[in-house]
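These are the residues of each chain, in order.
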Amino acid sequence: MTHELKYKDTISKLSLEEKAALMTGENFWNTKAVEHAGVPSVMLTDGPHGLRKQGGKADNLGLNKSVPATCFPTAISLGASWDTELVERVGEAIGQEAASQDVGVVLGPGLNIIRNPLAGRAFEYYSEDPYLSGELAASLVDGIQSNGIAASPKHFAVNSQELSRMTIDEIVDERALHEIYLEGFRKVVKQSKPLVVMSSYNKINGQFANENRVTMDLLYNHWKHKGIVVTDWGGEHNRIEGLRAGNQLEMPSSGTVNTDEIIREVRSGKLSEDLLDKRVDELLDVVLKVKFGANIHKDESPRHTEHHNLAVQAAEQSIVLLKNDDTLPLNSSKSVAIIGDFAATPRYQGAGSSLVNPTKLETALENLQKTDLKIIGYAKGYHRFGKGSRRLLNQAIDLANKADVVVIFAGLDEASEAEGLDRSNMQLPSNQLKLINALAEQNTQIVVVLAGCGPVELPFEHSVNSIVHTQLSGQGGGRAIANILTGAANPSGKLTVSYPYAYEHVGSSAYFPGREATAEHRESIYVGYRHYDKIDMKVLYPFGYGLSYTSFKYSDVEVSEKQVTLTVKNTGHVAGAEVVQVYVGAQNHPTFHAVKELKAFAKVYLDPGESREVTMQFDEHAFCFYSTVEHQWLQLGGEYKVYIGSSSRDIRKTVSLQVSGDAIDEELYKELAPKIYSTGNIQQATSQEFSKLYGKELPNPLWDRQKPLNVYNSFRHLQYGNILGKAIYKLLFGVRRFLIIIGRPLDGNNLMFIIDMPFYKLERFGMGNINIAKIRKYVRWMSKR
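Rules of the game
- Residues numbered from 1 in each chain as written.
- Predicted model: local features only at pLDDT ≥ 70, side-chain atom pairs only at ≥ 80, totals over all residues.
- Heavy atoms only, no water.
- Pairing = 2+ DSSP bridges.
- Helix = DSSP H or I, 4+ residues; strand = E, 2+ residues; numbered from the N terminus.
- Axes fitted to C-alpha atoms, helices over the stretch in contact; angles between N-to-C directions.
- Contact = heavy atoms within 4.5 Å.
- Salt bridge = Lys/Arg side-chain N within 4 Å of Asp/Glu carboxyl O.
- Buried < 20%, exposed > 50% of the residue type's maximum accessible area, 1.4 Å probe, protein only.
- Expected span 1.5 Å × (residues − 1).
- Polar contact = N/O pair within 3.5 Å; in protein donor to acceptor, adjacent residues only side chain to side chain.
- Patch = residues over 30% accessible without salt bridge, like charges linked within 9 Å, V, L, I, M, F, W, Y side chains within 5 Å.
- Areas by Shrake-Rupley, 256 points an atom, 1.4 Å probe, with all protein chains shown as cover.
- Lys, Arg positive; Asp, Glu negative; His and termini not counted.
- Charge placed at Lys NZ, Arg CZ, Asp CG, Glu CD.
- Parallel < 35°, antiparallel > 145°, perpendicular 65-115°, else oblique.
- Left-handed = near helix turned anticlockwise from the far one by under 90°.
- Nonpolar A, V, L, I, M, F, W, Y, C, P; charged D, E, K, R; others polar.

**Some details on the sheet that holds strand S10 (residues 335–339)**
Across the sheet, six strands lie side by side as S9-S14-S13-S12-S10-S11; this open sheet has mixed pairing. Both edges of this open sheet fall to strand S9 (320–324) and strand S11 (374–379), since each of them pairs with a single strand only. Going from strand to strand, the sheet's axes swing by 20° on average, the running direction of each strand aside. Pairing of strand S12 (residues 405–411) with strand S13 (residues 445–451) involves seven bridges; the strand directions are parallel. Looking at S13, one finds that Val-405 is bridged to Gln-445. Strands S10, S12 and S13 of the sheet are contacted by helix H16 (residues 430–440), whose axis makes an angle of about 165° with S12.

**Points about the pattern of salt bridges**
Under the defined criterion, the tally for this structure stands at 43 salt bridges. A salt bridge links Lys-187 to Asp-619; the nearest nitrogen and oxygen atoms lie 2.8 Å apart. With Lys-187 in helix H7 (residues 183–192) and Asp-619 in the loop between strand S20 (611–617) and strand S21 (624–627), the pair connects residues that are 432 residues apart, well separated along the chain. Side by side, Lys-187 and Asp-619 carry an identical accessibility label, which is buried. The partner of Lys-494 in a salt bridge is Glu-578, and the shortest N-O contact between them spans 3.4 Å. Highlighted residues: Lys-494 in the loop between helix H17 (477–486) and strand S15 (518–520) and Glu-578 in strand S18 (residues 576–586), separated in sequence by 84 residues. Residue classification places Glu-578 among the buried positions, given a relative accessible area of 3%. If you follow the salt bridges from partner to partner, you end up with Asp-46, Arg-52, Arg-121, Glu-124, Lys-154, Glu-162, Arg-165 and Glu-419 in one network.

**Digging into helix H5 (residues 130–145)**
Spanning 16 residues, H5 covers 22 Å between terminal C-alpha atoms, matching the ideal 22 Å at 1.5 Å per step. Burial within H5 is extensive, with 15 of its 16 residues counted as buried. For H5, the side-chain oxygen to backbone nitrogen distance between the N-cap and Tyr-131 is 3.0 Å, and the N-cap itself is Asp-129.

**Topic: the pairing of S21**
Here S21 pairs with strand S22 (residues 632–635) via four bridges, running antiparallel. From the neighbouring strand, Ser-627 faces S22, where its bridge partner is Gln-632. What sits between S21 and S22 in their antiparallel hairpin is a turn of four residues, with His-631 showing a positive phi close to 55°.

**Considering a positive patch on the surface**
On the surface, Lys-190, Lys-193, Lys-224 and Lys-226 cluster together to form a positively charged patch. By the secondary structure assignment, Lys-190 is in helix H7.

**Considering the packing of helix H4 (residues 84–100) against helix H12 (residues 304–318)**
Running from N to C, H4 and H12 cross one another at 150°; their axes reach a closest spacing of 11 Å. In terms of orientation, H4 and H12 fall into the roughly antiparallel class. Taken as a pair, H4 and H12 cross one another with a handedness that is left-handed. Within the contact between the two elements, H4 uses Leu-86, Arg-89, Val-90, Ala-93, Gln-96 and Glu-97 and H12 uses His-304, His-307, Leu-310, Gln-313, Ala-314 and Gln-317. Classifying every residue of the contact of H4 with H12 by side-chain character gives five nonpolar, five polar and two charged.

**With respect to unusual backbone geometry**
Glycine aside, residues mostly have negative phi angles, and peptide bonds mostly take the trans form. The residue after Lys-154, namely His-155, is reached through a cis peptide bond having omega -5°. Mapped onto the fold, His-155 is located in the loop between strand S3 (150–151) and strand S4 (169–171). Here Met-251 and Pro-252 are connected by a cis peptide whose omega angle stands at -5°. Assignment of secondary structure puts Pro-252 in the loop between helix H9 (239–245) and helix H10 (257–268). One non-glycine residue, Asn-205, adopts positive backbone phi at about 50°. Checked against the element boundaries, Asn-205 lands in the loop between strand S6 (203–204) and strand S7 (207–208).

This is how it looks when you write it as structure tokens:
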């Protein structure tokens, strides 16, 4: 079958070899140019929360320093602003800096669901909720692409864990796949039309994401994606199947390894040259658009000062006040002690491929010292990476005894949250807990300022006065924190993930992470608040929660199938912002379902005493569910409860609404899912129950330890190899531990990229300098047989 080509004349000038070569990069960050045919090269760089254009030798895990760029709050932090206009402005700034550096594609936003609090890359993602994730990511895409360059939402799809991320098979039932893991991507593709989408490393229900016919068909044929798909760096598995599924660009360059394979397949007739031409045509359309757009919008002077101030504002609007008994804002008449390493050396971003070299970095300590507060001193309090110190503890206690208020900066260090590995628990380091408990016994007022992307258990919550969650607030976080603590800014951030009391309460805790061959999503649709609401479980802080220094009143609520309108009034004495949230719950559902789901929200800024009417539109899926009988979205008619509130648990008004819907034969759904899914007790779901929901037999979750090692295994599999294999495995983890001990946690974490890399990828990353025959030989040397 032939395809109508937009760039037929250009493609006619290309040889088969040149067309095949365009399907891989020129190097680590650039696409190939073909000068005689007028095909330019375009640069792609990381950038979920700031540009990471590397200078000098390139790598893909932050090992080498990049050019200075504004480091904005990470996605989970920026998402806590619930402010789509603010997110779009951040996207505009990132895009402007990219265009000024001749970057054509920004590799972001991150758009995966935070399925579990321990997910190592959760800082790059917005939320446990697909609607909120999609709305925020769409705004960032709009902002980035307003500069004439491309955004690349990632990682498509179901990138839910870092352990064995290049080989893990994410097993997800059809309904959860569509309602939870794909819905955010659908919203972004349809609303913001990104020019590029990045595929993920993992398999989805048995097929690697980059060659997955189900997800690629949705992307192109249902959502009408008009751009291209680029692999995650090294994420190509089978080059030919990737092309057939819809991928155009493999990154980074694999040299001639995959180019030669494409040429062989075309010449043998196994791969249609018409299909190759189509993929080249699709790639050219994006390359030429962004090259032309970037040149038009290029500004040789990045607006770093302006963007830094925007980073401060973004951090202020994203910081979440979790607890306050009127200790905050701090009273200038009281003496204040600042304690904690993070006050002087902030934890402000994640680690890995998104690591930004900030143009400026403000600390909370220096900014607090500039205020009119009576700061009596600073004490480090603890060693950053968990080592105990009686000396530091005693110094902190001595300082605290002299103060009326103690502000403790605590949180997760750089070795705890990073690309390449998941957290091992939901706890703060023991030396920090010991410090907080000791200071809480001193009869002073205690304010805890937390850094880190994900929820942590807070056993001290009842014994401190205030808790502020900064998450990872970017290069301007230090000033923003000081402004929040002093009242110069009013906190308005709201949690985008639920805060359970303990990790075992998390719906996926029994199944996360998948340890070997598969990761079973037995919790299905019950991710985050959907799980806690279903079983009526108390949480420490619910989804959508966040306090303010003022208060708000809701009135005049009107609800229809199209929208919700209400009046919000600031009833306090200071200016502030409220996030109004609208949840929808079907009262007569034919199959298992969540109690309620977020379907609209708005952030409104109000002066004291000011009132404003707010209208929030429902989207096309507000009253829909994904039918696994008809394999499509259906609108469910009948009675709904529409909940309007300040969080998922702080509901201010509930309205009944009758909704028209599609014809549904409820009898077809009665035996579709095991009864345990109707109760929501998914932590007890057996493999047999999940298999019924999944619709077929589950694949073996374990590796076959008796099978000889092969090139599709990773270095992690060497633990089941022979003496040599086991020795290399232990050496790799030993080196990682040593790097962390000597204070180089980022390098230690980056080693995980190698540990989880399948052997065959060494040929591609080595651009053919290590051929596959040699790799097979080396693997045999390390195998039991």
